[in-house]
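Residue-level listing of the chains:
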Amino acid sequence: MSKLNDFNSVDSDVIFDAAQKYGTPLYLYDEQTIVDKCKTLLAMPNAFGLTVRYAMKANSTKAILQIIHGQGLKIDASSMNEARRAHLAGIPYEDIMLTTQEAPVDQDLRDLENMMHEGLKYNVCSVRQLQNIADFAAANEIKLSMRVHPGVGTGESAAHNTGDHYSCYGVHLSDLEQALKFAKRKEIVFDLLHIHIGSGGDPETWRENIDHELSILEEYFPGAETVSFGGGLKEVRMPDGIAADIQKLGQYAKEKIEQFGKKTGRKLKMEIEPGTFVVANAGFIVAKVVDKKQTGVDGLKFIILNGGMDMSIRPLLYGSQHPFYIVSKAGELLSSEFAELNDEYTAAIVGTCCETGDSQCLNDEGLNTPRQMSEPEIGDYVAIGGAGAYCSTMSPMNYNSHLQAPEVLYTRDKELKEIRLRQTLEQMLANEI
């Protein structure tokens, strides 16, 4: 038995037992890590109250939502169906905020109105969304939230930046006065201002956003009682990364909100909406080595797994790196990125999709870059860490007609529990006519 890293409680025996019991490939989640992360966030310093919303797009599986909500976090939904899904998992609409690019009309609009009647918080992200919901909100005296596009942002990659002029999230500052004039005519009150500048970016820019958002709130939102600084709290997956310091960020926000209170007499409550921070390092992809290849003497060595981009597309989309753990077919940990490795063997880890981009070892140019590891044999296992967020929810799971992998929870009682079954061929084909 060998512990894989210091991020969670999973060891090589857990990897081996899960693979033996449920087959590969699979997703494996550590419940204790999720609970610990929730507690860390809820302990974040604040001035006049804190609400933590989990960005469920990171991982939307029912059991995961229930664990997180059970710890006291509320939900940030990015679509109507996410809101419906969270509610079907037993989460009341009053604990859900909807922040979406969708502009609901017809039945979706009626459904949204019903959700709002039950307490859902609607975070308006465009002038059109505001126009669609205005009469209902005014007639029912329901206060709204607004997401503002600040014009600046940050992120782990360009694709994670949601605040600069290359992205279109929220009501842009250039449209803000028009939107607020319309809202005033309709007698609509915004009691929450929301700005999210990106995911996994520089914590310093996150701090600067606090100052920027408070200035926007002071100038444009006299009725706001709550300020949401969004999510994107930097988490690390690899040994050389540096995560955001939640205590320091919270202390900075607390001091700025207290200063704002002394200046204006307004005691603002604070919200954040992390996703990656909660679940990323609680998760693993567990796959089996099914083949090995080499492109000539001067070429690359390849380790081929039975789970690749159909399990995680993050390396292809973002150039993201995840740690690898080689576990023998007998359950012995052969190598870990978090331990010293003397073996000079290097290889690229790829999947079985008919796509050159099906690799977990892509560099910034999209080319395979070998990584150091112990050489696995056919039938050994590779566990890919940091896979709790934006893997199962984003995967092109049915590409090449591959089946959606099961999800398994390693509970706080040290038991393995299947929380999503492996998809069958019949289920994949069920809607074809």
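Just so we're clear, the structure is a prediction, and the values are computed from it rather than from any experiment. (Residues numbered from 1 in each chain as written. Predicted model: local features only at pLDDT ≥ 70, side-chain atom pairs only at ≥ 80, totals over all residues. Heavy atoms only, no water.)

**Student:** Lay out the layout of surface pockets in plain terms, naming residues and giving numbers.
**Tutor:** In this structure, the second largest pocket encloses a volume near 280 Å³. In terms of residues, the lining of the second largest pocket owes the most to one element, helix α7 (residues 173-185), which gives 5 residues. Of the residues that constitute the lining of the second largest pocket, the class distribution is 8 nonpolar, 1 polar and 3 charged. (1 Å grid on protein atoms, 1.4 Å probe; cavity = no way out; pocket = protein on both sides within 12 Å on 5 of 7 lines; lining within 4 Å. Points joined across faces, edges and corners; volume = space filled by probe spheres on them. Helix = DSSP H or I, 4+ residues; strand = E, 2+ residues; numbered from the N terminus. Nonpolar A, V, L, I, M, F, W, Y, C, P; charged D, E, K, R; others polar.)

**Student:** Outline the packing of aromatic side chains, supporting the account with residue identities and numerical values.
**Tutor:** This structure, assessed with the given rule, holds 5 aromatic pairs. Taken together, a centroid distance of 5.3 Å and an interplanar angle of 80° make the contact between Phe-7 and Phe-338 edge-to-face. Remark: Phe-338 occurs in the loop between β14 (333-336) and β15 (346-350) and Phe-7 occurs in the segment before α1 (12-22); sequence separation between them is 331 residues. Taking relative accessible area as the criterion, Phe-7 reaches 28% and is therefore assigned partly exposed. The class of Phe-338 is partly exposed, set by a relative accessible area of 30%. Where Tyr-325 meets Phe-338, the ring centres are 6.3 Å apart and the plane angle is 5°; that geometry is what we call stacked. With Tyr-325 in strand β13 (residues 324-327) and Phe-338 in the loop between β14 and β15, the pair connects residues that are 13 residues apart, well separated along the chain. (Phe/Tyr/Trp six-rings, centres within 6.5 Å; stacked < 30°, edge-to-face > 60°. Buried < 20%, exposed > 50% of the residue type's maximum accessible area, 1.4 Å probe, protein only.)

**Student:** Outline helix α5 (residues 106-117), listing residues and values.
**Tutor:** Between its first and last C-alpha, α5 extends 17 Å over 12 residues, near the 16 Å set by a 1.5 Å rise per residue. Residues of α5 that are buried include every one of Leu-109, Leu-112, Glu-113, Met-115 and Met-116, and no others. Along the axis of α5, the buried residues cluster in a sector spanning 160°; they form a single face. If you follow the buried residues of α5, they end up packed against α4 (80-88), β4 (96-99), β5 (121-124), α6 (127-139) and β6 (144-149). Following α5 by one or two positions, Gly-119 adopts a phi angle in the positive range, close to 110°. (Expected span 1.5 Å × (residues − 1). Arc of directions from axis to C-beta. Contact = heavy atoms within 4.5 Å.)

**Student:** Help me get a handle on the pairing of strand β11 (residues 283-294), residues and values and all.
**Tutor:** Where strand β1 (residues 26-30) lies against β11, 4 bridges are found, and the strand directions are antiparallel. Its bridge partner being in β11, Tyr-27 is matched across the sheet by Ile-285. The sheet contact formed by β11 and strand β17 (residues 381-384) spans 4 bridges and is antiparallel. Note on β17: the bridge partner recorded for Ile-285 is Ile-384. As judged from the 5 bridges shared by β11 and strand β12 (residues 301-305), these two strands associate in the antiparallel manner. (Pairing = 2+ DSSP bridges.)

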